[in-house]
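Structural overview
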Amino acid sequence: MERIHITDVSPRDGLQNQQVQVSTADKLELIRLLAAAGVQSVEATSFVSPKAVPQMADAGELVARLNAAALPGLRSSVLVPNLKGLERAHAAGAREIAVVLSATETMNRKNINMGLQEATEVSAQTLAEAQRLGMRTRAYVAVAFDCPFEGETPLSEVVRLAARMREEGAGEIVIADTIGSASPGQVKARLGALREVVPVAQLAVHFHDTRGMGVANAWAALEAGVRRFDASVGGIGGCPFAPGAAGNVATEDLVLMAERSGFSTGISIDGLLDAVDFAEAQLQRALGGRAITWLRRQREKERGTQAARTA
Ligand code: COA
Ligand code: ZN
């Protein structure tokens, strides 16, 4: 079976916009549950201004504790918007970073208080410095389909910025549908153009499920040859600076789709359900992607069968 690689972004994208402040210990427990489920890569946190995103104020402590926990088989990255974020991340012991470049002028201003040109140069400098420090790198190209402020994002801009981030040495270029407005035909067309400038093995996709098309979009990306996906357990997530965005495509939905379609993920859905249960208890509300009711029913049946066998 062909393998796909999933980065679970729930500790960062999932928690950055929650009403409830989750403690560092509970964030760590969420990550531990993800690792126990077989998740090999998480985006753990972001080193952004605590004034902008108070939910991520504990980034340094979380990274230190995560490193101390030495969860086997788990890679973790952190989002950094600028050199200051990189410096903080490096001091805390982070080994992989992601820069965030939006493909429109207004989204960059709203998100990181820089125009497109400055954001591009700052992302390039941050990538260069991270590589000098021996860190692995990812680069988000955000609002790669539509911008909540400017409408449809010109494909030429997305291609130009993805090519630039690759030139600057980003190990992975993450094409992000920040507000969850993409549809499968558009995904196919955009990834077809992006493959011309970035080797497909280095392309990742990051879908939000605002219009219920997250899994369909992931399938379109698979068909376009992409094998790297961001997702968030329980479908939590959303950018506080991009109005109207729902959560990410749920990791459990993505794993179900991929495994049922003949791809292997290395991830156990039962393990993910434990993480969803835990996140629900923390956030005090119902979570889960499109398949959650069916997945839980399956788990109950399976447990019933096991109990009958051992009785
Ligand atoms: N981490 C922590 N503090 C930071 C920082 C970082 N990465 N970058 C800048 N700061 C601090 C500065 O030191 C300065 O502190 P001071 O007021 O105590 O002197 C203050 O923030 C203002 O610095 P400035 O460079 O003017 O930043 P800004 O106000 O223009 O904000 C960002 C820029 C990028 C820091 C801010 O917009 C941000 O954190 N955005 C993150 C958005 C986000 O997380 N979006 C969701 C994920 S995509
Ligand atoms: Zn996102």
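Everything here concerns the structure above.
Residues numbered from 1 in each chain as written. Chains lettered and ligands numbered in written order. Predicted model: local features only at pLDDT ≥ 70, side-chain atom pairs only at ≥ 80, totals over all residues. Heavy atoms only, no water.

**Topic: the overall build of the protein**
The helix and strand inventory of the protein stands at twelve helices and twelve strands. Against the globule reference of 19 Å for 311 residues, the protein gives a C-alpha radius of gyration of 18 Å, in line with a compact fold. A principal-axis box enclosing the C-alpha atoms of the protein has dimensions of 65 × 40 × 35 Å. Here the protein holds 311 residues, and the buried ones make up 57% of them. Within the protein, counting contacts between residues at least 6 apart in sequence, those at least 24 apart form 75% of the total. Total accessible area computed for the protein in this model is approximately 12500 Å², and 50% of it derives from carbon and sulfur atoms. (Helix = DSSP H or I, 4+ residues; strand = E, 2+ residues; numbered from the N terminus. Rg over C-alpha atoms; globule rule 2.2 N^0.38 Å. Buried < 20%, exposed > 50% of the residue type's maximum accessible area, 1.4 Å probe, protein only. Contact = heavy atoms within 4.5 Å. Areas by Shrake-Rupley, 256 points an atom, 1.4 Å probe, with all protein chains shown as cover.)

**Some details on the packing of helix α11 (residues 269-283) against helix α12 (residues 292-310)**
Relative placement of two packed helices is described by the angle separating their axes and the distance separating the axes. Contact pair α11 / α12: the axes reach a minimum separation of 11 Å and the direction vectors enclose 115°. In this structure, the crossing between α11 and α12 has a hand that is left-handed. Residue-level contacts link I269, D270, L273, D274, V276, D277 and E280 of α11 to I292, L295, R296, R299 and R303 of α12. Of the residues contributing to the contact of α11 with α12, the split by class is five nonpolar, no polar and seven charged. (Axes fitted to C-alpha atoms, helices over the stretch in contact; angles between N-to-C directions. Left-handed = near helix turned anticlockwise from the far one by under 90°. Nonpolar A, V, L, I, M, F, W, Y, C, P; charged D, E, K, R; others polar.)

**Some words on helix α7 (residues 155-167)**
For α7, with 13 residues, the first-to-last C-alpha span of 18 Å sits near the 18 Å given by 1.5 Å per residue. Considered for burial, the residues of α7 that qualify are E157, V158, V159, L161, A162, A163 and M165. Its buried side turned inward, α7 meets β5 (96-102), α6 (116-132), β6 (136-142), β9 (172-177) and α8 (184-194). (Expected span 1.5 Å × (residues − 1).)

**Observations regarding the site of ligand 1**
Taken together, 19 residues form the shell around ligand 1, and within it S49, N82, R88, N111 and N113 come nearest. With respect to ligand 1, the backbone of F47 contributes an N or O atom lying 3.0 Å from a nitrogen atom. With the chains in place, 65% of the 920 Å² that ligand 1 exposes on its own is no longer accessible. Among the elements of the structure, α4 (83-92) and α5 (105-112) are those that each provide at least two residues to the shell around ligand 1. (Near = heavy atom within 4 Å. Polar contact = N/O pair within 3.5 Å; in protein donor to acceptor, adjacent residues only side chain to side chain.)

**Focus: the side chain of H206**
Considering the arrangement of structural elements, one finds H206 in strand β10 (residues 203-207). Here the side chain of H206 touches D13 through a polar contact of 2.9 Å, side chain to side chain.

**Quick word on the sheet that holds β6**
The strand order around the closed barrel built from eight strands is β2-β3-β4-β5-β6-β9-β10-β11, with neighbouring strands paired in parallel fashion. Between one strand and the next, the sheet's axes are offset by a mean angle of 25°, whatever the strand orientation. Sheet topology places strand β2 (residues 5-8) next to strand β11 (residues 228-231); four bridges connect them, and they run parallel. Residue T7 lies in a different strand from β11, and its bridge partner there is D230. (Pairing = 2+ DSSP bridges.)

**Description of the coordination of the zinc ion (ligand 2)**
Those protein atoms acting as donors to the zinc ion (ligand 2) are D13 (OD), H206 (NE2) and H208 (NE2), and they sit at 2.0 to 2.2 Å. For the zinc ion (ligand 2), the donor residues sit on a single chain with the sequence spacing D-x192-H-x1-H. Placement of the pair is D13 in helix α1 (residues 10-14) and H208 in the loop between β10 and α9 (214-223), with a sequence separation of 195 residues. The buried category is assigned to D13, whose relative accessible area is 2%. (Donors = N, O, S within 2.8 Å, 3.2 Å for Na, K, Ca; no water.)

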